[in-house]
Amino acid sequence: QVGDARAAQIPRYVRVNTCLWTTQAAIAYFVAKGFTLSGPFDSSNNRGFAEDPHIPNLLQFHPQISFQEDAAYKDGRLILQDKASCFPAIVLDPPATDEATVIDATSAPGNKTSHLSALMKGKGTLLAFERDRKRFSTLKMMLSKATCKNVTTINADFLTTDPSDSKYAQVTHILLDPSCSGSGIVNRLDYLLESEQDDDTGQEDRLNKLASFQAMMIKHAMKFPNVQRIVYSTCSIHAIEDEHVVREVLKSDEALSGPFRLAPAEQVLPQWTRRGLPDEMDDPDHASSLVRCLPGEDGTNGFFVSCFIRKASTSKRKI
Ligand code: SAM
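Every residue gets a number counted from 1 within its own chain, in the order that chain's sequence is written. Under the rules for a predicted model, residues below a pLDDT of 70 receive no local features and side-chain atom pairs below 80 are neither given nor counted, while totals for whole chains, interfaces and linings still include all residues.

Draft legend 1. Highlighting the domain arrangement of the protein. Domains assigned within the protein are domain 1 (5–80) and domain 2 (85–310). For the domains described, the bounds stem from an automatic or database domain assignment. Spacing between the C-alpha centres of domain 1 and domain 2 amounts to 25 Å. Under the scheme applied, nonpolar residues are Ala, Val, Leu, Ile, Met, Phe, Trp, Tyr, Cys and Pro; charged residues are Asp, Glu, Lys and Arg; polar residues are all the others, including Gly. Taken together, the residues of the side of domain 1 that touches domain 2 break down into nine nonpolar, five polar and two charged.

Quick look at the structure:
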């Protein structure tokens with residue numbers, strides 16, 4: 001693992017895979033191994049840990065603790081996932097019913113897919129798309145290790161799906177965590193990275209290209225006839241990939257005809273105080289609906305989360 005000074009302030013986050021055991025059992029497991037519930041930075045021997053105050057089933061440990069050799073990591077009971085990367089599935093809030101149909105449009109390596117599956121309690125159907133063949137293999141391996149029962153993996157480009165196909169008629173929730181610059185990641189786990197991070201020397205052209213692709217993905221998701229909730233996230237701290245993408249999409253034909261709007265702040269991690277950048281939005285009030293994480297400040301990598309919801313129809317139903 002590599003990183004900068006800010007990485008030392010980020011606890012090692014471990015998500016308890018509730019498909020396989022409970023958080024109470026995981027806490028007992030760590031206590032039996034000599035850890036104490038005294039906080040990730042508390043004890044002199046780095047053996048302190050805590051439950052995360054914002055994300056259920058997430059534990060925080062000292063940054064220097066490694067779990068790669070831990071039996072519960074190896075058998076899929078523990079998933080190494082940064083706190084901010086747990087936000088999208090929580091905000092999407094997928095239904096845990098037998099009828100539920102949810103799409104993860106950009107899945108590999110699959111941490112958010114397995115999180116969605118756990119939140120759905122293994123019920124319904126979770127369609128996990130990944131276009132890259134090598135990353136698709138990693139996805140399948142990670143999901144099998146996590147014992148996700150309701151996931152169908154699809155090695156295809158999400159943009160080639162036909163939203164009007166009857167097999168997607170029941171899709172109500174879509175998670176979009178597409179390729180981005182990765183500029184927010186300061187304690188990267190290399191297997192999670194898709195490409196090299198940019199070096200802050202501009203690369204405006206590259207960011208603009210990423211932003212057009214990201215907007216295209218959201219607009220495509222908006223074409224699914226029954227979709228009610230779409231979460232768009234990045235591990236970028238650049239407004240070009242975050243607020244600017246959201247503000248462009250809000251003006252698009254797809255958003256206007258949906259019609260889609262941003263979910264109100266109370267539906268998007270209301271307890272998290274760092275919100276979007278008002279100056280980067282056409283309507284500064286929209287910033288309260290957006291979530292940001294700042295490396296070095298928030299105990300996480302840099303991250304951005306937004307959530308579009310279909311506006312309830314105002315037309316009166318015929319009786
Ligand atoms: N959500 C993943 C997780 O938490 O483990 C990380 C996703 S990563 C940021 C983006 C992924 O989307 C990459 O694996 C990339 O190959 C894939 N991807 C990019 N464009 C895609 C598309 N049009 N259709 C399907 N997958 C795509």
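The structure having been displayed, the exposition proceeds.
Draft legend 2. Inspection of helix 4 (residues 111–119) at higher detail. In terms of burial, helix 4 is a largely internal element, nine of the nine residues being buried. Field definition: a residue is buried when 20 or more other C-beta atoms are found within 10 Å of its C-beta, exposed when 12 or fewer are, and partly exposed for counts in between, with C-beta atoms placed from the backbone. Where helices and strands are cited, they refer to DSSP runs of H or I of at least four residues and of E of at least two residues respectively, numbered from the N terminus. Buried residues of helix 4: N111, K112, T113, S114, H115, L116, S117, A118 and L119, and no others. Remark: K121 follows helix 4 within two positions and exhibits a positive phi of approximately 55°.

Draft legend 3. Main features of the packing of helix 6 (residues 204–221) against helix 7 (residues 243–250). The N-to-C vectors of helix 6 and helix 7 enclose an angle of 45°; their axes lie 9 Å apart at closest approach. Between helix 6 and helix 7, the crossing angle belongs to the class labelled oblique. In this structure, the crossing between helix 6 and helix 7 has a hand that is right-handed. Within the contact between the two elements, helix 6 uses A211, Q214, A215, I218 and K219 and helix 7 uses H244, V245, E248 and V249. When grouped by side-chain class, the residues that make up the contact of helix 6 with helix 7 number five nonpolar, two polar and two charged. Only the contacting stretch of a helix is used when fitting its axis, a line to C-alpha atoms as for every element, and angles between N-to-C directions run 0 to 180 degrees. Note that the term roughly parallel is reserved for angles under 35 degrees, roughly antiparallel for angles over 145, roughly perpendicular for angles of 65 to 115, and oblique for everything else. Working rule for handedness: look at the near helix, and if it is turned counterclockwise from the far one by less than a right angle, call the crossing left-handed; if clockwise, right-handed. Note that contacts rest on C-beta atoms placed from the backbone: two residues are in contact if these are within 7 Å.

Draft legend 4. Inspection of the environment of P295 at higher detail. Mapped onto the secondary structure, P295 falls in the loop between strand 11 (291–293) and strand 12 (303–310). Taking the C-alpha atoms as reference points, P295 and S107, 188 residues apart in sequence, are found 23 Å from one another. Residues contacting P295, with those up to four places away along its chain left out, are R6, G184, V186, T300, N301 and G302.

Draft legend 5. Geometry of the sheet that holds strand 3 (residues 58–61). The rule for pairing is simple: two strands pair if DSSP sees at least two bridges between them. Taken in spatial order, the four strands make up an open sheet running 2-3-1-4, and their pairing is antiparallel. Pairing within the sheet leaves two strands with one partner each, and these edge strands are strand 2 (49–51) and strand 4 (78–80). Strand-to-strand twist across the sheet, computed as the mean angle between neighbouring axes with direction ignored, equals 30°.

Draft legend 6. The arrangement of the nonpolar core in detail. We define a nonpolar core as a collection of buried residues of the types Ala, Val, Leu, Ile, Met, Phe, Trp, Tyr and Cys that are connected via C-beta atoms lying within 7 Å of each other. In terms of nonpolar packing, the biggest core is built from 75 residues, with A105, I174, L176, I218, A221, I230 and V231 touching the most fellow members. Counting contributing residues, this core receives three or more from each of domain 1 (5–80) and domain 2 (85–310).

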